[in-house]
Amino acid sequence: METETALSPVPVVAAAEQAPGAAMHALLTRLFPICRSITGQGVRQTLGILREYLLGLQVYEVPTGTPAYDWLVPPEWNIRDAYVKNQAGERVIDFQQNNLHVVSYSAPVRGWLTRAELLPHLHTLPGQPNLIPYRTSYYAETWGFCLSHQALLGLDEPGYEVCIDSTLAPGSLTYGELFLPGETTDEVLISCHICHPSLANDNLSGIAVAIFLARYLTRQPRRYGYRFVFVPGTIGSLTWLSRNADAVTRIRHGLVATLLGSAGGFTYKKSRRGEAEIDRLVARVLADRGLPHHIQEFSPYGYDERQYCSPGFNLPVGCLSRTPFGEFPEYHTSADNPEFVRPAALGGALELFQTIVETLEANRRYRNLSPFGEPQLGRRGLYKATGGGPEGAAFQLALLWVLNLADGHYDLLGMAERSGLRFAQLRQAAEALLAAGLLTDESHPLPANPAAHDLR
Amino acid sequence: METETALSPVPVVAAAEQAPGAAMHALLTRLFPICRSITGQGVRQTLGILREYLLGLQVYEVPTGTPAYDWLVPPEWNIRDAYVKNQAGERVIDFQQNNLHVVSYSAPVRGWLTRAELLPHLHTLPGQPNLIPYRTSYYAETWGFCLSHQALLGLDEPGYEVCIDSTLAPGSLTYGELFLPGETTDEVLISCHICHPSLANDNLSGIAVAIFLARYLTRQPRRYGYRFVFVPGTIGSLTWLSRNADAVTRIRHGLVATLLGSAGGFTYKKSRRGEAEIDRLVARVLADRGLPHHIQEFSPYGYDERQYCSPGFNLPVGCLSRTPFGEFPEYHTSADNPEFVRPAALGGALELFQTIVETLEANRRYRNLSPFGEPQLGRRGLYKATGGGPEGAAFQLALLWVLNLADGHYDLLGMAERSGLRFAQLRQAAEALLAAGLLTDESHPLPANPAAHDLR
Amino acid sequence: METETALSPVPVVAAAEQAPGAAMHALLTRLFPICRSITGQGVRQTLGILREYLLGLQVYEVPTGTPAYDWLVPPEWNIRDAYVKNQAGERVIDFQQNNLHVVSYSAPVRGWLTRAELLPHLHTLPGQPNLIPYRTSYYAETWGFCLSHQALLGLDEPGYEVCIDSTLAPGSLTYGELFLPGETTDEVLISCHICHPSLANDNLSGIAVAIFLARYLTRQPRRYGYRFVFVPGTIGSLTWLSRNADAVTRIRHGLVATLLGSAGGFTYKKSRRGEAEIDRLVARVLADRGLPHHIQEFSPYGYDERQYCSPGFNLPVGCLSRTPFGEFPEYHTSADNPEFVRPAALGGALELFQTIVETLEANRRYRNLSPFGEPQLGRRGLYKATGGGPEGAAFQLALLWVLNLADGHYDLLGMAERSGLRFAQLRQAAEALLAAGLLTDESHPLPANPAAHDLR
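What counts and how
Residues numbered from 1 in each chain as written. Chains lettered and ligands numbered in written order. Predicted model: local features only at pLDDT ≥ 70, side-chain atom pairs only at ≥ 80, totals over all residues. Heavy atoms only, no water. Domains from an automatic or database assignment. Contact = heavy atoms within 4.5 Å. Buried area = accessible area lost by both parts, 1.4 Å probe. Salt bridge = Lys/Arg side-chain N within 4 Å of Asp/Glu carboxyl O. Polar contact = N/O pair within 3.5 Å; in protein donor to acceptor, adjacent residues only side chain to side chain. Nonpolar A, V, L, I, M, F, W, Y, C, P; charged D, E, K, R; others polar. Pairing = 2+ DSSP bridges. Helix = DSSP H or I, 4+ residues; strand = E, 2+ residues; numbered from the N terminus. Axes fitted to C-alpha atoms, helices over the stretch in contact; angles between N-to-C directions. Least-squares fit on C-alpha atoms with pLDDT ≥ 70 in both. Expected span 1.5 Å × (residues − 1). Buried < 20%, exposed > 50% of the residue type's maximum accessible area, 1.4 Å probe, protein only. Arc of directions from axis to C-beta. Phe/Tyr/Trp six-rings, centres within 6.5 Å; stacked < 30°, edge-to-face > 60°. UniProt positions renumbered as here; feature names shortened; annotations may be inferred.

Student: Looking at this structure, how should I read the domain arrangement of chain A?
Tutor: Frequently, the measure chosen for interface size is the accessible area removed from exposure when the parts meet. Assigned domains of chain A: these are domain 1 (9–73 + 172–362), domain 2 (78–169) and domain 3 (365–441). Computed from C-alpha coordinates alone, the two centres of domain 2 of chain A and domain 3 of chain A are separated by 65 Å.

Student: How should the interface of chain C and chain A be read in this particular structure?
Tutor: In this assembly, 21 residues from chain C lie in contact with 19 residues from chain A. Of the roughly 1,800 Å² buried between chain C and chain A on both sides combined, carbon and sulfur atoms contribute 53%. Taken together, chain C and chain A are joined by four salt bridges. With its nearest N and O atoms 2.6 Å apart, the salt bridge here joins C:R306 to A:E374. For the pair chain C and chain A, the number of links is 13 residue pairs in polar contact (both at pLDDT 80 or more). A breakdown of the residues in the side of chain C that touches chain A according to their chemical character gives 11 nonpolar, five polar and five charged.

Student: Could you clarify how one ought to interpret the sheet that holds strand β10 (residues 172–180) of chain C in this entry?
Tutor: Strands pair in a sheet through their backbones, by hydrogen bonds, and they do so in one of two ways: parallel or antiparallel. All names here are of chain C. With mixed pairing, the eight strands of this open sheet are ordered in space as β1-β10-β12-β11-β13-β16-β14-β15. Both edges of this open sheet fall to β1 (58–63) and β15 (293–296), since each of them pairs with a single strand only. Each strand axis lies, on average, 20 degrees off the axis of its neighbour in the sheet, ignoring direction. Bridge count between strand β13 (residues 251–257) and strand β16 (residues 317–321): four bridges; the pairing is parallel. Considered in β16, the bridge of A257 is made with L320. Across the sheet, helix α7 (residues 235–243) is in contact with β1, β10, β11 (187–193), β12 (225–231) and β13; its angle to β10 comes to roughly 60 degrees.

Student: Explanation requested: the sheet that holds strand β6 (residues 109–114) of chain B in the structure shown.
Tutor: Residue and element names in this part refer to chain B. An order of β5-β4-β9-β6 is seen for the four strands of this open sheet, with the pairing classed as antiparallel. Both outer strands of the open sheet, β5 (91–94) and β6, are each paired with one neighbouring strand and no more. Sheet twist, expressed as the average angle between the axes of neighbouring strands with direction ignored, equals 20 degrees. With six bridges connecting them, β6 and strand β9 (residues 159–169) associate as antiparallel partners. Bridging across to β9, L113 finds its partner in Y160.

Student: Teacher, can you tell me more about the interface of chain C and chain B here?
Tutor: In this complex, chain C contributes 19 residues to the contact, which on the side of chain B involves 21 residues. Connecting chain C to chain B are four salt bridges. Notably, a salt bridge pairs C:D407 with B:R272, separated by 3.0 Å at the nearest N-O pair. For the pair chain C and chain B, the interface holds 13 residue pairs in polar contact (both at pLDDT 80 or more). Mapped onto the side of chain C that touches chain B, the elements with two or more residues apiece are α12 (390–405) and β18 (407–411) of chain C. Considering only residue class, the side of chain C that touches chain B consists of nine nonpolar, five polar and five charged.

Student: Quick question: what am I supposed to make of the relation of the copies chain C and chain A here?
Tutor: Each copy of the chain is related to the other by a rotation around an axis and a translation along that axis. With an RMSD of 0.1 Å, the operation that places chain C on chain A is a rotation of 120 degrees combined with a shift of 0.1 Å along the axis. Considering both components of the superposition, the chain copies are consistent with a three-fold axis. If distances are taken from each C-alpha of chain C to the rotation axis, the shortest is found for C:E275, at 12 Å.

Student: For this particular structure, what's the right way to read helix α3 (residues 41–53) of chain B?
Tutor: Residues spaced three or four apart along an α-helix point in a common direction, a consequence of the helix completing one turn every 3.6 residues. Residues and elements named next belong to chain B. The terminal C-alpha atoms of α3, which comprises 13 residues, lie 19 Å apart, in line with the 18 Å expected from a rise of 1.5 Å per residue. Every buried residue of α3 is listed here: G42, V43, T46, L47, I49, L50 and Y53. On an axial view of α3, the arc spanned by its buried residues comes to 160 degrees, and they lie on one face.

Student: Even after reading the chapter, I still don't get the packing of aromatic side chains, so can you show me in this structure?
Tutor: When we look at a pair of aromatic rings, we describe it by the centre distance and by the angle of the planes. Enumeration over the complete set of coordinates arrives at 48 aromatic pairs over all chains. On the numbers, 5.5 Å between centres and 25 degrees between planes, the contact of A:Y69 with B:F372 is stacked. Placement of the pair is A:Y69 in the loop between β2 (67–68) and β3 (71–72) and B:F372 in the loop between β17 (365–368) and α12 (390–405), with the two residues belonging to separate chains. Ring-pair connections join several aromatic residues into one group, and the members of that group are A:Y301, A:Y303, A:F325, A:F328, A:Y331 and A:F340.

Student: Quick question: what am I supposed to make of the UniProt feature "domain: DUF4910" (unreviewed entry) in chain A here?
Tutor: Under the feature "domain: DUF4910" (unreviewed entry), the UniProt entry names residues 25–363 of chain A. This span, residues 25–363 of chain A, is 29% helix and 26% strand, and a straight line between its end C-alpha atoms measures 31 Å.

Student: What is the right way to read the environment of C:V103 from this model?
Tutor: Residues and elements named next belong to chain C. Mapping V103 onto the fold places it in the loop between β5 (91–94) and β6 (109–114). Given the relative accessible area of 5%, V103 is considered buried. In the structure, V103 is positioned 20 residues away from H123 in sequence and 8.7 Å away in space, judged by C-alpha atoms.

Student: Sorry if this is basic, but what is going on with the pattern of salt bridges here?
Tutor: Think of it this way: side chains of opposite charge can pair up when their charged atoms draw near. Residue and element names in this part refer to chain B. Counting across every chain of the model gives 72 salt bridges over all chains. In this structure, the salt-bridge partner of E431 is R427, at a minimum N-O distance of 3.2 Å. With E431 and R427 both in helix α14 (residues 423–435), this residue pair falls four residues apart, about one helical turn. Taking the relative accessible area as the measure of exposure, R427 reaches 30% and is therefore partly exposed.

Take a look at the structure:
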């Protein structure tokens, strides 16, 4: 297994020389031009590049027609070219210029249409007249073009030549998965959607952060196993869920990673459970680090947390982003490009994900071995006779809180919530008390996720 | 049973031609002059008129001396005439003018009294000098007159002739009951007090709304049975409770209906349980409809919810009114007359009660039959590929919420509380999903009210 | 037992002639000059004086080296004299003037030191230049003097004669305990620290209030037993806990009494349990009496509640003070003297403690013997037919609340919390209903404290 997760030499070295934000931005810029959809070569090409960063990334192909709970894997969609030409033979809409110009999953079409026939197939954003919208039509066979409203106003000829050189045919759905084993069988899921074409923040930002988080985790001791899935939205997560019933029962915490490259503060949307450890922990990490953020209650609309949090699974999977979908003007338009994404924003997001996994790893449950009164800290060198500054006093207080709450019920997160101290302070205190023989670590693999037992 | 609940032809037709508010006001105006008390001909006469509206209304007579838990049915009180005459033989206080002039349950009295002897028997409202107060003395045998303070100031003669031509004698307590059976044995209780004389809002308004609600329900399919009781306050509800131990165990929800004719917003006073389905549901209906309202916590002072919510019963019975007792200046005075009651207020109250019972009927518990991920709504015609306006988006969101929460634990009310969507939106979504075969209805008769098991 | 708790004749009589505040202040003034520490003659002398007030107070001696959970009883410290003399032989720092001048538990020292050698052993408060600080060094063998910063500035000679005539030698730790038995085996703990030298508010105020509370309780009927412990901080409470495993299992409620003589409002710091009866009850008494106060959540820093609330015991013991430690400028300085403590503050604190124990005693759990509907209060003389003023209405309402909530689950405190009525109102109502035969008292000894079962 470890050899599979070894890092590829070339891009690693290059990446290691850059600040993580810049390296993630470089990856994003390289992936940007590819025309992805929920199936097809664009996804394969994307995963191929990701494997350069993580050799252990496995790529799976699931044939068209394979059932995934209530769904079937759809025909594979591929596209070579698409355009609308005027009477002079000039491409007035050109897929080669921007793959957003074609409605994703458009059926093939070729011929001359009158302007009136063409218009119902054209999509624009009158309120943002210079931007191309992003549109899809996965499950209703049709075709269409997207263009700026400005460009639409120039289409005044009586007829146009239309071509979409696409195929919708039996093939497969492609997804990537990387598993980094841990000391226990408990797992953490990180999920990204990889089905969007030339959109940078949505979701190349999430992919880049997940890749670099995985690279970071390969070098860390891990209590949990970490499972990264790179899947097309909805059908991809459903396909993965349907093929991994065993892994699903081992998921203890999870995050959907998306929209991490914009300038705004963070948004954490809770899992359906609402008070799961991941929900409380992300809120605590954001507060401890003093990061501007917003916590949202669960709702069944959004990204693949919709599937993970469906009632049959009810997994503790939240969604971590910066400004959420629909709340920034570049969302689902051609303005969501690599210039919109800031390297520093990617870097800050990676740091946050790293702190979250560090905190998950460190969130142990301890038992005070000297629970009758306080133990004598002085003779163990844990009591500063001379008092010390505010740092010393805070450390003393953290020692007392850990000793007081280490009754086998509180984990460090619960101690942080009750005491108002930062998780890191309590962790430092717990480690000192553990070293002094005053605590035992009572963490153990959690009971299997009861809601996930009868997956079919 | 159905024949018993058939509607009487004559007033029905008349009522049907009127707007419901006007029809209820007409009933109230007809009942207004009758001198009701906790027993006696006034109650019988009132129930007789109510039977014209609901043939199924049963009238029960319970003899004086019958025990009702800690109480005994009191002697029956009837009154033919009462007055105070001056030396010229003129009636200066006259029961024939307004039955509020006599303290309810006054013992008979006849003779000449000096002004000083008479004064302790006279009750006025110095702060509202033109109004006659309403006073009772049910369980302490005495007599008295009520009059405006203005009129009292004119009583300057040295002596007066006093007559109260009443009887307090063995007889019976009279109450009315209508039961509309439902598909299940579970029942909803609607209770009104019928013991007040010429007071319109308190409680002819509640009686009129309850009668028209019952008429409405006769024409509806009913999951629940509906039990309407028209009882004198306190002793009447206690008498009904003591004679209906079986029915009490079947009550799942209940409302006391009172003070529904004034101009103010609604007030819902929760049951003792505080979080009973009826408590949460009424609050939700009021919020969903955007009606001005106030929710009060339970208190053991008020109307017959005091009895239904006593600890031996602890029934989920709240009290729904407009401006509560004691909070409007006309309360318990001669100003609480038919002019004070607004037909539109009665109409609005009826609509609210109708919505509440519709919501109770519709508050089902569903189970998602495709709980692993979202089912594919598109191939069932439940997904608007073209997006649609805000209505369409709201419907989509409601579909997702119902699917997500239909785990057998949430009912539609719980879904509304969690999602923030309106109950009606979720109901519409649930019905569409049920029609598509994606849900089952897991509603079933609730377990019997545990607190009511050992009634004695 | 009763003979043991008999009150000593002489000071009792004197005290009885004074207002309690003045009597407590006189006791405090008498105890003030004694040099107390965590062991030694000062504690013995203090307990000897307390026994004049309470003959039943038992004094225990626990030898040096005795284990107390993680701790050992330390060597006994005694001091006869201490000074720093200048070259003229004048005492420039003199223990005889104020025992705060010596760091408590200073090892013996004698000799000439240069100014530079002496300075590291001197402690001042530059921010409060006229006050002597209070310092201790119990578990690190060293020595030192405390003095005003003003006095330090005058020490400009090149060398000084230093003498601390103390002993640190095998001996014992001394503590006092008084037990007033009650009708049940359930106990209330009142704990005071007695280890501070000439500091008045901290904690002679707590000692004085506890002594007078105990004197008051000797004259009261008692459902609970009351255990007063007068112990040196930390090691004293740990020693007491380690020797009284049986008593610990019987503690149902407890308070640490400290800092009760200053002018400020009260501060109640909750027990670790947070919602223990004592926590809710003290908050309710403070609110009912309209006293300015502040409720603090538990924290493991503070007085001996740290030990009682350690996870092995988790006793329901809060801490009741006026302005808390560290929040008034006189704290741990020579300004905490008898002039700082106000007799009226001591008197108000005693009244509060008396109300708390009265409320604990009265906080019964009743069952309504007529739970089906309201019982007829009128025929039991509990219903004012004529209405009565606001007092009468409040009493009526209290009767209804007690009847409604007396279902065996609510105690009077829970009724006060739910109804918003004052505890005293509900108690008065419950007593009237009990006298009328409408309630039974279902209070009984509570189950033993589960957390305290496996003390070792």
